[in-house]
There are 2 protein chains.
Amino acid sequence: MENKAILLDKRPVGKPTMDDFKFVTEETPAIKDGEFLLKTAYVSVDPYLRGRMMDAKSYVPPFKLNEPMSSGVIAEVIESKHPDFKTGTFVSGYFDWKEYNVSNGKGVAKVDPEAASLTAYLGILGMTGLTAYLGLKNIASPKAGETLVVSGAAGAVGSVVGQIGKIMGCRVIGIAGTDEKVEQLKSKFGFDDAINYKTTDDMSKAIQEAAPNGVDIYFDNVGGEISDAVMFNLNRLARLVVCGSISGYNDTERSVGPRMQWKLIATSSLMKGFTIGDYADDFPQGTEMLTKWLAEEKLVYTETIVHGFDQIPQAFMDLFEGKNDGKMIVKI
Amino acid sequence: MENKAILLDKRPVGKPTMDDFKFVTEETPAIKDGEFLLKTAYVSVDPYLRGRMMDAKSYVPPFKLNEPMSSGVIAEVIESKHPDFKTGTFVSGYFDWKEYNVSNGKGVAKVDPEAASLTAYLGILGMTGLTAYLGLKNIASPKAGETLVVSGAAGAVGSVVGQIGKIMGCRVIGIAGTDEKVEQLKSKFGFDDAINYKTTDDMSKAIQEAAPNGVDIYFDNVGGEISDAVMFNLNRLARLVVCGSISGYNDTERSVGPRMQWKLIATSSLMKGFTIGDYADDFPQGTEMLTKWLAEEKLVYTETIVHGFDQIPQAFMDLFEGKNDGKMIVKI
């Protein structure tokens with residue numbers, strides 16, 4: 001059986017282009033005892049994958065040239081020689097960008113298509129939701145009445161962070177890049193206020209106006225100038241969850257900005273890089289909370305679903321243009 | 001009785017100059033019941049005072065124009081109407097830059113000139129030592145075998161940080177601004193290695209060579225380019241104690257440098273602004289440890305003692321030229 005795969009062909013310089021990916025067709029391998037064959041159903045594309053396309057040490061190893069890209073995937077067992085994974089079972093896991101993958105069950109979780117939509121397991125009930133919940137709870141420990149600012153607020157993680165902030169009793173301010181997203185943050189996700197950074201000249205002043213009592217928590221998905229502006233408004237003992245830096249992922253030169261050590265000292269603030277893998281012990285508790293809030297309709301989510309295996313690279317590249325509304329997923 | 005005082009005359013622009021200070025002579029007030037009169041013996045001058053000369057919100061309120069400057073002081077009770085502070089007693093506290101101050105005992109601690117030199121209570125047994133110990137212990141929690149980098153390493157705080165790092169079993173690397181200081185860090189303070197940033201072109205590479213296993217803890221007294229270079233060498237789960245930013249205190253424009261959020265994410269590192277006032281509960285335990293280590297000769301310290309009340313402003317300004325060897329103190 002033919003199996004399409006997407007390899008990393010070149011390490012991107014600046015914005016990734018189609019030229020950095022290579023489509024190949026290979027033979028689907030036969031499964032052995034203890035293995036099963038998975039047909040890819042949904043592929044998650046995420047900003048952090050940009051980092052893995054570089055040959056640089058980070059919290060996840062880089063992709064290798066001429067080898068498949070990979071990411072979070074929902075797939076269906078279509079053939080099995082494994083006692084625990086019967087044909088027809090749906091699973092989530094990290095898999096190569098291939099139409100078919102072989103697994104022995106390691107690092108793979110069954111998902112229940114009756115309990116939630118399959119795509120939810122890539123988003124709100126998957127790494128996206130866990131990143132939002134565990135980053136906010138474990139680093140920032142929000143208290144009712146505090147002010148939380150979220151950048152990349154209309155993105156997959158940001159929109160969940162804001163909603164959890166509201167559940168925890170915070171005043172929540174979102175930063176996003178279109179008027180539609182700003183409107184959606186307030187009307188759909190329940191943010192108290194939102195700012196369109198693309199149409200705002202003085203972001204620091206805009207944040208000051210939206211957060212008259214100052215910023216206690218900053219959940220940072222973007223880095224760059226937006227984060228500079230937020231940092232000028234920190235309160236004493238503020239906590240900064242540094243979760244993503246999408247504004248800089250395609251930079252060919254290192255971005256520069258005001259050094260902020262003085263502000264951390266002046267406010268005794270804490271800044272911590274967040275990596276979901278550091279919190280694996282908390283996944284069960286996190287998933288439980290997210291599932292509960294979702295069932296209680298305290299959490300809503302949006303998805304942008306693109307169709308077709310061949311569209312995976314383009315969907316990934318569109319993340320950097322902010323074309324996604326919430327979680328970006330490719331349906332195969 | 002005449003009493004000389006030093007007021008803040010102008011808010012400095014860039015480096016402070018003598019012109020920013022004003023010397024006045026006033027009448028020493030008479031003490032009332034419950035008060036005592038103090039004759040200033042030693043005055044501590046510290047980089048953080050530069051921040052208080054600006055009209056900006058920070059962890060300590062700004063000095064007011066036309067009012068006295070103040071800092072840590074050792075003084076002798078020369079007249080008393082307070083039952084607990086007899087004439088001849090020495091105390092430490094925060095007092096105005098005056099030859100004589102009146103106190104009611106609030107915020108004042110007696111010091112024992114037999115137990116240690118009086119100046120030690122401004123340095124190694126005072127805020128300097130507590131800053132080093134509590135900053136390192138409470139934010140970085142050093143583990144034996146870890147690599148600790150200290151900037152401003154030959155300064156009052158830095159030299160103590162490095163020695164405590166050695167007591168805790170770390171490999172300790174200091175950064176300082178003269179060859180003499182570098183030599184002293186190794187020979188006198190027991191640092192494993194030291195770097196003269198003024199004669200080193202590629203600081204990032206120099207740190208990499210001195211810390212071949214990477215940097216687990218960075219105790220930052222200086223900010224600026226030196227800190228940029230250290231941050232490129234962080235290990236996973238590194239901790240950065242942001243204690244001072246002397247490199248930028250006299251800046252008239254905000255200093256810019258590479259934004260470092262990506263590195264915090266890539267290494268899951270933590271960066272925390274340190275302010276001694278946040279750790280007041282730990283002062284007794286900290287003082288106990290410092291006194292013990294000093295008695296055991298596990299800690300040594302250097303001081304630069306300048307003579308004369310009128311020299312206080314100049315001694316303060318000399319801090320920014322690195323003219324001090326350890327703690328800078330003015331003997332009145």
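Residues numbered from 1 in each chain as written. Chains lettered and ligands numbered in written order. Predicted model: local features only at pLDDT ≥ 70, side-chain atom pairs only at ≥ 80, totals over all residues.

(A) Region of the structure containing the overall build of chain A. Looking only at helices and strands, one finds nine helices and 16 strands in chain A. A compact globule built from 332 residues would reach a C-alpha radius of gyration of about 20 Å, and chain A, at 20 Å, matches this within 12%. Referenced to the eigenvectors of the C-alpha coordinate spread, the extents of chain A come out at roughly 60 × 45 × 35 Å. Within chain A, contacts between residues at least 6 apart in sequence are counted, and of these 65% link residues at least 24 apart. (Helix = DSSP H or I, 4+ residues; strand = E, 2+ residues; numbered from the N terminus. Rg over C-alpha atoms; globule rule 2.2 N^0.38 Å. Contact = placed C-beta atoms within 7 Å.)

(B) How the structure looks around helix H5 (residues 203-210) of chain A. All names here are of chain A. Among the residues making up H5, those that are buried are Ala206, Ile207 and Ala210. Buried residues of H5, viewed axially, fall in a sector of 100°; they line one side. Packed against the buried residues of H5 are strand S8 (147-151), strand S9 (171-176), strand S10 (193-196), strand S11 (215-220) and helix H6 (224-231). (Buried ≥ 20, exposed ≤ 12 C-beta atoms within 10 Å, placed from the backbone. Arc of directions from axis to C-beta.)

(C) Inspection of the sheet that holds S11(A) at higher detail. Read from one edge of the open sheet, 12 strands run S10(A)-S9(A)-S8(A)-S11(A)-S12(A)-S14(A)-S14(B)-S12(B)-S11(B)-S8(B)-S9(B)-S10(B), paired in mixed fashion. At either margin of the open sheet sits one strand with a lone partner, and together these are S10 of chain A together with strand S10 (193-196) of chain B. When the angles between neighbouring strand axes are averaged without regard to direction, this sheet yields 15°. Relative to strand S9 (residues 171-176) of chain B, strand S8 (residues 147-151) of chain B runs parallel, the two being bridged by five bridges. Counted as the bridge partner of Leu148(B) is Val172(B) from S9(B). (Pairing = 2+ DSSP bridges. Axes fitted to C-alpha atoms, helices over the stretch in contact; angles between N-to-C directions.)

(D) Geometry of the interface of chain B and chain A. Opposite the 30 residues of chain B that make contact, chain A presents 30 residues. Elements represented by at least two residues in the side of chain B that touches chain A include exactly helix H6 (224-231), strand S13 (256-258), helix H7 (261-267) and strand S14 (270-273) of chain B. Across three bridges, the pairing between strand S13 (residues 256-258) of chain A and S13(B) is antiparallel. Paired with Val256(A) across the two strands is Pro258(B), which belongs to S13(B).

(E) Representation of unusual backbone geometry within the structure. Of note, the phi angle at Ser268(A) is positive, near 50°, even though the residue is not glycine. Even without being a glycine, Leu237(B) presents a positive backbone phi close to 60°. Structurally, Leu237(B) can be placed in strand S12 (residues 234-242).

(F) The arrangement of the domain arrangement of chain A in detail. Residue and element names in this part refer to chain A. According to the domain assignment, chain A contains domain 1 (2-123 + 302-331) and domain 2 (127-277). With centres defined by C-alpha atoms, the gap from domain 1 to domain 2 works out at 29 Å. Taken together, the contact pairs 16 residues of domain 1 with 14 residues of domain 2. Looking at side-chain class alone, the side of domain 1 that touches domain 2 contains five nonpolar, seven polar and four charged residues. (Domains from an automatic or database assignment. Nonpolar A, V, L, I, M, F, W, Y, C, P; charged D, E, K, R; others polar.)

(G) Geometry of the nonpolar core. Val149(A) and Val149(B) are the most contacted members of the largest nonpolar core, which totals 196 residues. Those residues within four positions of Val149(B) in sequence are excluded, and the remaining contacts are Ile173(B), Ile175(B), Ile207(B), Ala211(B), Val215(B), Tyr218(B) and Val230(B). (Core = buried A, V, L, I, M, F, W, Y, C linked by C-beta atoms within 7 Å.)

(H) Here's a closer look at the packing of helix H2 (residues 127-140) of chain A against helix H3 (residues 156-167) of chain A. Residues and elements named next belong to chain A. Relative to each other, H2 and H3 sit at 45°, their axes nearing to 8 Å. One finds that H2 runs oblique with respect to H3. Note on packing geometry: the crossing formed by H2 with H3 is right-handed. Where H2 approaches H3, its residues Thr128, Gly129, Thr131, Ala132, Tyr133 and Leu136 are matched on the opposing element by Ala156, Val157, Val160, Val161, Ile164 and Gly165. Taken together, the residues of the contact of H2 with H3 break down into eight nonpolar, four polar and no charged. (Parallel < 35°, antiparallel > 145°, perpendicular 65-115°, else oblique. Left-handed = near helix turned anticlockwise from the far one by under 90°.)

(I) Highlighting the relation of the copies chain B and chain A. When chain B is fitted to chain A, the best match, at an RMSD of 0.0 Å, comes from turning it 180° and sliding it 0.0 Å along the axis. When the rotation and shift are considered jointly, the pair of chain copies conforms to a two-fold rotation axis. By C-alpha distance to the rotation axis, the residue of chain B lying nearest is Met271(B), at 2.5 Å. Here 100% of the contact residues of chain B are again contact residues in chain A; the copies associate through an equivalent surface. (Least-squares fit on C-alpha atoms with pLDDT ≥ 70 in both.)

(J) Structural detail: the environment of Ala30(B). All names here are of chain B. By the element assignment, Ala30 lies in the loop between strand S2 (21-27) and strand S3 (36-44). On the neighbour-count criterion, Ala30 (11 C-beta atoms within 10 Å) is exposed. With 72 residues separating them along the chain, Ala30 and Val102 place their C-alpha atoms 8.4 Å apart.

(K) The pairing of S12(B), seen in detail. All names here are of chain B. With five bridges connecting them, strand S11 (residues 215-220) and S12 associate as parallel partners. Residue pairing in the sheet places Ile217 in a bridge with Arg239 of S12. A crossover links S11 with its parallel partner S12, the connecting element being H6, and its sense is right-handed. For S12 and S14, the ladder comprises four bridges, and the chain directions are parallel. When the bridges of S14 are listed, Arg239 appears paired with Leu270. (Right-handed = clockwise from strand over helix to strand, strands pointing away.)

(L) Quick peek at the confidence of the model for chain A. When pLDDT is averaged along chain A, the result is 95, and 100% of the positions lie at 70 or above. Here the complex is predicted with pTM 0.90, and the ipTM for its interfaces comes to 0.88. (pLDDT = per-residue confidence, 0-100.)

(M) Local environment of the environment of Gly223(A). Tracing the chain through its elements places Gly223(A) in the loop between S11 and H6. For Gly223(A) and Leu237(A), which are 14 residues apart along the polypeptide, the C-alpha to C-alpha distance reads 20 Å. If we skip the residues at most four places from it in the chain, Gly223(A) touches Ser245(A), Ser247(A), Gly248(A), Arg259(B), Gln261(B) and Trp262(B).

(N) Quick peek at the packing of helix H2 (residues 127-140) of chain B against helix H8 (residues 283-295) of chain B. Residues and elements named next belong to chain B. Here H2 crosses H8 at 100°, and the two axes come no closer than 10 Å. By the angle class used here, H2 and H8 are roughly perpendicular. Here Gly129, Leu130, Tyr133 and Leu134 of H2 come into contact with H8, specifically with Phe283, Gly286, Thr287, Met289 and Leu290. Among the residues making up the contact of H2 with H8, the classes are represented as six nonpolar, three polar and no charged.

(O) Layout of H3(A). Residue and element names in this part refer to chain A. The end-to-end C-alpha distance of H3, which contains 12 residues, comes to 17 Å, matching closely the 16 Å that a straight helix rising 1.5 Å per residue would cover. Taken as a whole, H3 has its buried residues at Ala156, Val157, Gly158, Ser159, Val160, Val161, Gly162, Gln163, Ile164 and Gly165. The inward-facing, buried residues of H3 abut H2, S8, S9, helix H4 (179-187), S11 and strand S16 (327-331). (Expected span 1.5 Å × (residues − 1).)

(P) Focus on the environment of Ala154(A). Residues and elements named next belong to chain A. Checked against the element boundaries, Ala154 lands in the loop between S8 and H3. Exposure remark for Ala154: the 28 C-beta atoms within 10 Å place this residue in the buried category. Between the C-alpha atoms of Ala154 and Gln314, which are 160 residues apart in sequence, the distance is 20 Å. Ignoring any residue separated from it by four or fewer positions in sequence, one finds Ala154 in contact with Ser159, Ala176, Lys181, Gln184, Leu185 and Asp325.

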